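# Tertiary structure, described
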Amino acid sequence: WSSSWVAIPNSPGSCSDLPPPSRGTDCSFSCPAGKFLEMSSQQCTPCVAGSYSLGSGLRFDQWDAIPAGFTSLASFLDAGPNGEDIRACNSSSWTPQGVYLESNRDECTVSLVYAVHLEKQGSVSFTYQYPDNNIVFEFYVSLKSGTNILYWRTTGILVGRKMVKPVLLRNIQIEGVAYTSECFPCRPGWFSPKPGSSSCEPCPSNTYSVKGASSCTSCPEHHYSHEGWAECKVRPPCSEKDYFQIHTACDSEGKTQVLYRWVEPKICVENVTGAVELPATGQREPCPPCNPGYYNSNDSTCLPCPAGTHSDGTNECPAGTEPVLGYEYKWWNVLPSNMKTSCFNVGNSKCDDMNGWEVAGDHVRSGAGSSDNDYLILSLHVPGFKVPASLSGMTGSEFGQITFVFETICSADCELYFMMDVNRKSTTVVESWEGSQGKQWYSHSMTRNASVTYTWAFQRTNHALDVRSYVSDMVKLYSISVTNVLDGVASACRACALVPQNSQRAGSSCVPCPAGFYIDRDTNRCQECPPNTHLAGRHTYGQDACVACGPGSISNKEHSRCYSDCSFTHTENNRTLTFDLSPLSDVASLTIGPSFTSKGTKYLHLFNISLCGHEGRRAAICTDNVTDVSSKDDQSDLSQFVNSVDSFICQSTIIPADGRGFRMAISSQSIGLADTFIGATVDAVLNGVNAEPDLFPESSKNVPDINFFYRSTQATASCDQGRSSVITVRCNPEKSERGELSVPSSCPAGTCDGCLFNFLWESSSACPRCTEDDYHQIEGACKGGVQETLYVWNEPKLCTKGVSLPPRSSAPCEAIALWLKVGVGGGAFVAVLLISLTCYFWKKNKRLEYKYSRLVMSANKDCELPAADSCGLAEGEEPDDDVVYAQKPSLLGKLRAIANKHEGGESSESVQLNSSQSDRWVLG
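The name recorded for the chain in an unreviewed UniProt entry is MRH domain-containing protein, from Amphiprion ocellaris. Of the chain, the UniProt comment under Sequence similarities (unreviewed entry) reads exactly: "Belongs to the ELAPOR family." The record in UniProt for the chain states the following under Subcellular location (unreviewed entry): "Cell membrane".

Ordered in space as 30-33-38-35-36, the 5 strands form an open sheet in which the pairing is antiparallel. One side of each edge strand has no neighbouring strand; the edge strands of this open sheet are strand 30 (339-344) and strand 36 (427-434). When the angles between neighbouring strand axes are averaged without regard to direction, this sheet yields 20°.

What follows covers the sheet that holds strand 55 (residues 649-655). One open sheet holds the 4 strands; their spatial order is 51-52-55-56, and the pairing between them is antiparallel. Strand pairing shows two members of the sheet lacking a second neighbour, strand 51 (588-596) and strand 56 (666-674), which therefore form its edges. The average undirected angle you get between the axes of adjacent strands in this sheet is 20°. Bridge count for strand 52 (residues 602-609) against strand 55 is 6 bridges, and the pairing is antiparallel. Within the sheet, the bridge partner assigned to His605 lies in strand 55 and is Thr653.

Further remarks concern the pairing of strand 12 (residues 146-156). Of all 11 residues that make up strand 12, 8 are buried, and the element is covered over most of its length. The pairing of strand 10 (residues 109-129) with strand 12 spans 10 bridges and is classified as antiparallel. Its bridge partner lying in strand 12, Tyr114 is registered against Leu150. Taken together, the 6 bridges between strand 11 (residues 135-140) and strand 12 define a ladder with antiparallel strand orientation. Bridge assignment links Phe137 to a residue of strand 12, and that residue is Thr154. Here strand 11 folds back onto strand 12, and the loop between the two strands holds 5 residues.

Tallied over the full model, the rule gives 19 disulfides. Between Cys186 and Cys200 runs a disulfide, and the two sulfur atoms are separated by 1.9 Å. Torsion about the S-S bond of the Cys186 and Cys200 cystine: about -80°, corresponding to left-handed handedness. Taken together, the residues span a long stretch of sequence, with Cys186 in the loop between strand 14 (184-185) and strand 15 (190-191) and Cys200 in the loop between strand 15 and strand 16 (201-202) at a distance of 14 residues. Judged by its relative accessible area of 0%, Cys186 falls in the buried class. Look at Cys200 and you get buried, because its relative accessible area is 14%. Across the disulfide from Cys731 sits Cys767; the S-S distance is 1.9 Å. In this structure, the disulfide formed by Cys731 and Cys767 twists by about 80° around the S-S bond and is classed as right-handed. Placement of Cys731 in strand 61 (residues 723-731) and of Cys767 in the loop between strand 63 (756-763) and strand 64 (775-779) is noted, with a sequence separation of 36 residues between them. Given a relative accessible area of 2%, Cys731 falls into the buried group. You can see Cys305 has no disulfide; the closest cysteine sulfur is in Cys290, sitting 8.9 Å from it. On the basis of relative accessibility, which here comes to 9%, the residue Cys305 falls in the buried class.

All right, on to the confidence of the model for the chain then. In the predicted model, the chain carries a mean pLDDT of 80, and the fraction of residues at 70 or more is 81%. A low-confidence stretch, residues 1-5 stays under pLDDT 50, and its non-local contacts, those more than four residues away or across chains, total 25 contacts. A low-confidence stretch, residues 79-85 stays under pLDDT 50, and its non-local contacts, those more than four residues away or across chains, total 7 contacts.

A few words on a negative patch on the surface. A cluster of acidic residues, Glu692, Asp694, Glu698 and Asp753, forms a negative patch on the protein surface. Within the element layout of this structure, Glu692 appears in the loop between strand 59 (689-690) and strand 60 (706-712).

Before going further, it helps to spend a moment on the side chain of Ser379. With respect to the element layout, Ser379 can be found in strand 33 (residues 375-382). If near-sequence neighbours (up to four positions away) are discounted, Ser379 is found in contact with Asn338, Met339, Lys340, Thr453, Tyr454 and Thr455.

What counts, and where the lines are drawn
Residues numbered from 1 in each chain as written. Predicted model: local features only at pLDDT ≥ 70, side-chain atom pairs only at ≥ 80, totals over all residues. Heavy atoms only, no water. UniProt positions renumbered as here; feature names shortened; annotations may be inferred. Pairing = 2+ DSSP bridges. Helix = DSSP H or I, 4+ residues; strand = E, 2+ residues; numbered from the N terminus. Axes fitted to C-alpha atoms, helices over the stretch in contact; angles between N-to-C directions. Buried < 20%, exposed > 50% of the residue type's maximum accessible area, 1.4 Å probe, protein only. Disulfide = S-S within 2.5 Å. pLDDT = per-residue confidence, 0-100. Contact = heavy atoms within 4.5 Å. Patch = residues over 30% accessible without salt bridge, like charges linked within 9 Å, V, L, I, M, F, W, Y side chains within 5 Å. Areas by Shrake-Rupley, 256 points an atom, 1.4 Å probe, with all protein chains shown as cover. Salt bridge = Lys/Arg side-chain N within 4 Å of Asp/Glu carboxyl O. Lys, Arg positive; Asp, Glu negative; His and termini not counted. Charge placed at Lys NZ, Arg CZ, Asp CG, Glu CD.

Okay, structure coming up:
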C-alpha cells in the first residue's frame with residue numbers, strides 16, 4: 001500500500017493543465033514528532049509555530065467538544081422487551097468539560113468509543129481520575145497492526161446513593177498510527193513558540209491566546225486569566241473570600257502571630273469601591289503548647305521525646321512501667337513531619353503546587369485551593385504498629401486505632417472523605433460525610449499490622465467549577481490520635497508486667513504477658529484470666545480487664561473474644577432444655593431481592609452469617625470487587641485485602657452479571673454488621689440491644705426462641721453507637737437441619753433504621769435434644785401368652801437427636817388378666833356375703849314370728865274375751881282355731897326393723913296379727 005498525491009480543482013467544472021497524480025511513500029511510513037508529511041514533496045516537514053505534531057501519534061487534550069472519531073454510546077443492558085430502559089439512558093453520555101471529559105453520574109452504561117488504524121504495534125496512554133468505587137470503570141484495548149477499537153466504559157452503582165462521583169478523563173495519546181499529513185493547531189489558551197513542536201504549552205496567568213497561537217497576549221488592565229485560559233475576565237473587588245490566615249512558626253521567644261495572605265493567584269483588586277483590604281498582621285502571642293510526647297527545645301521548637309521518656313522528654317518512665325507510644329496531635333502551629341498536604345484536580349493543574357490545608361492553632365483546616373471542585377488533601381503516614389508489652393496478653397484483631405475530631409462548615413454540596421492506603425497498594429474510602437457536620441469524633445480500628453497512610457480529602461463541590469464561589473466552606477480537624485505506633489512518641493507511662501521472681505532474669509524490666517493473661521495490680525505479674533472471660537477494652541492492668549462473657553457464650557483459648565460453641569441450655573418449669581446448634585455452624589448466606597433502582601437496575605442484598613463455632617473466628621467474609629478484585633493474586637485469603645470485611649455477619653450489595661453484561665457479578669458496599677458476640681438468651685433484650693420479637697410471627701411451638709446478640713462498635717455517619725444484629729433461632733421440625741433464614745416482612749432489607757438488623761433462622765436443629773420426657777409407652781394386648789410394649793414420641797415432636805426411642809419389648813402374660821381375676825374374686829365374695837346375710841335374716845325372722853305367735857296366745861289368756869270351751873288343749877287335742885302368723889314382711893322391711901331394734905334403749909316390734917274372729921295390733 002502507498003499513498004498518492006492527486007490535484008483536485010477548487011470549484012466543480014472542467015479544468016486544464018492539472019498536474020498529473022504522483023505516487024507517494026509507503027503507507028507505513030511515519031514522520032518523527034514535530035513534523036508532518038508534506039504531500040507535494042513527500043518529505044517530512046516541521047510544523048510551523050502555533051501548531052504541533054506527534055509524528056506517528058495522536059493526542060487529544062482539548063475537550064470543548066467530543067473530538068471527531070469519538071462516539072459516546074449509552075446503553076442499559078437490562079433492557080426490557082420494548083427497549084424502554086434504553087430510552088431512559090438516551091441522555092447519558094460522556095460530557096466535555098474543557099480540559100477533560102466527565103463520565104455519566106447515573107446507573108446507565110456509557111461507552112466512549114474510538115476506532116484507530118495502526119500501521120505498527122503501538123501504545124495508548126491517558127490520565128484519569130477515579131474517585132468513587134461505586135462506579136465501574138473499564139478500559140478495553142488490544143493494540144495490533146490494523147484497525148483497533150478502544151473504549152472506556154462506566155456504569156454507576158446507585159444502590160442507596162443519590163449520585164456517584166464521575167470518572168474524569170484527559171490527555172489521551174495514541175502511538176503507532178501512520179504518517180500525519182498535517183499539524184494540529186494549538187487550542188485556545190495554549191501556544192507553541194517555535195517550529196517543529198511536538199506539543200503546545202499553556203499560556204501563563206494573566207495572558208491569553210487564540211487557536212493556533214505562537215505566543216500569548218497579556219490581559220488588559222484590571223483583567224485577569226488563569227493558566228491556559230483563552231480569554232481574560234474583569235477583576236472583581238477583593239472580598240473575604242480572597243484571603244486566608246496562617247499561623248507563623250514559633251520564634252526563638254516562643255511567640256507566634258496570625259498572618260493574612262491573598263489567595264494565589266490573586267485575581268481581585270483592592271482600590272475600588274466595595275473592596276476589602278488585607279487585614280493587618282495579628283499580635284505576637286505565645287505559641288500553643290507542644291503536642292503530647294513532644295518537648296520544647298531551646299529554640300522554641302517541639303521535638304519528640306527520646307526513647308524511654310514521656311511528656312516533656314526529661315521524665316523517664318519509672319520501674320514497672322513503659323511509655324505509651326503513639327501520635328496525638330491537638331495543637332497545630334506547624335504541620336508534623338509525617339503529615340503532608342496537597343491539592344489535586346485532574347482537570348485543573350493549577351492546584352498541584354498549592355497547600356490543601358493550613359494550620360490554625362487549635363485546629364488544621366482546608367485551604368482555598370484554586371477552584372471549588374479541587375480535592376484538598378491531608379495525609380498522615382504510619383510506618384506500622386507495635387503492640388506494647390503491657391497489651392501483649394490481648395490477641396484480638398486490633399493492632400491500633402485512629403481517632404479524630406472534626407467539623408465541616410458548608411453552604412454547597414461539600415463532602416469529606418476519610419481514606420486509608422495499606423502497604424501503598426490502593427486507597428479505599430473508609431467513611432465519608434456530606435454537607436455541614438457538627439463537631440464530632442470518629443474512630444477506626446486497624447486490624448492488620450502493616451504500613452498505612454490515612455488521608456482526609458475535602459471537596460467543596462463535585463461540579464465542574466473553575467471558580468472559588470464557596471471558598472468559605474471548610475473542614476476543621478481539631479485532633480488526631482493514633483495508638484500503638486511503631487515509631488511513636490510517649491505522652492504517658494503505663495504499668496507493665498515484670499519478670500517472675502523465680503526467674504533468673506528477675507528484675508524491673510517489662511515482659512510481655514502470654515495471650516489471655518492480665519497484669520496483677522499487687523504483684524505486677526502475669527495472671528491468666530478466669531475461665532469464660534475475655535480481655536476487653538484497651539488495657540490489661542488488673543483482673544477487671546477480664547470481662548465475663550455474656551450468657552450462652554464461652555471464651556476462646558486466648559481470652560480474646562467470646563463466642564458460642566453451638567450449645568445452649570435453658571431451664572423452665574423444672575425442666576432443662578439442651579440445644580445442639582452445630583448443624584448451623586457453617587457460614588450461611590441469605591439473598592434478599594431482587595430490588596430495582598429508579599432506572600431498573602436489578603440488585604440484591606447478600607448477607608453472610610456465621611452463627612457459632614469456628615473457635616470464635618469471624619468466618620463470614622464479604623468482598624468488594626468493583627475496582628481491583630481481579631488483580632488479587634491470592635484469592636484464598638480475601639480478608640487480607642482492604643476491600644473485604646470479616647465479621648460474624650456481613651452484608652454486600654450484588655448486581656448480577658446476567659443483567660448488566662459484566663463478566664462477573666458486581667459486589668460492592670461490603671460492611672460488617674457483627675464484630676462482637678454479646679451473648680445468646682431467650683430474653684428479648686441484652687445489653688441494650690432489643691430483639692424486637694414482634695417483627696416476626698409468633699412461634700406456634702412450645703419451645704422458646706433463642707436470640708443471638710451481636711454488635712459492631714465501628715461508628716458510622718448514621719449510627720453513632722455502631723450497628724447491632726440479632727439472629728432469632730427458632731425450633732421448626734418441618735424445616736431441615738440447616739433450616740431457612742428470613743428477614744422481617746416489614747423491613748425487607750433486614751433493618752428498619754439501618755442500625756439494627758434482625759434475622760429469623762428456623763431449623764429442626766433449633767429444637768432441644770430429646771429426653772425421656774419426650775416419649776411415652778403403649779402396652780399391647782396379651783396374645784398367645786405374650787404382651788408387647790411400644791414407645792412413641794409425644795405429638796407434635798419438638799426435639800431432635802438426644803435419647804432414642806427404646807426398642808419394642810415383649811413379656812409373658814396370662815390369658816385372664818389380673819384385673820379380671822380380681823374382679824371375679826371380688827364378685828364371688830360379695831355374692832357369698834349376700835347369700836349369708838339373707839340366710840341369717842331369714843332364720844331370725846322365723847324366730848321372731850314364733851315369739852310373736854306365743855305372745856298373741858298369751859294375750860288372749862289375759863284379756864276379757866268370750867268364754868271359751870277350753871283354755872288349754874288336752875293332750876292330742878287339735879285347736880279349733882289355727883294360729884295366725886303375721887303377714888310376712890319384705891326383706892327391706894326386715895332390715896329396717898333390725899335397724900330400729902335398739903332405738904331408744906329398748907326394743908319394740910310391731911306386727912299385725914290375724915285371727916279368725918278379729919284383726920288387732922299387738923305391741924310387744
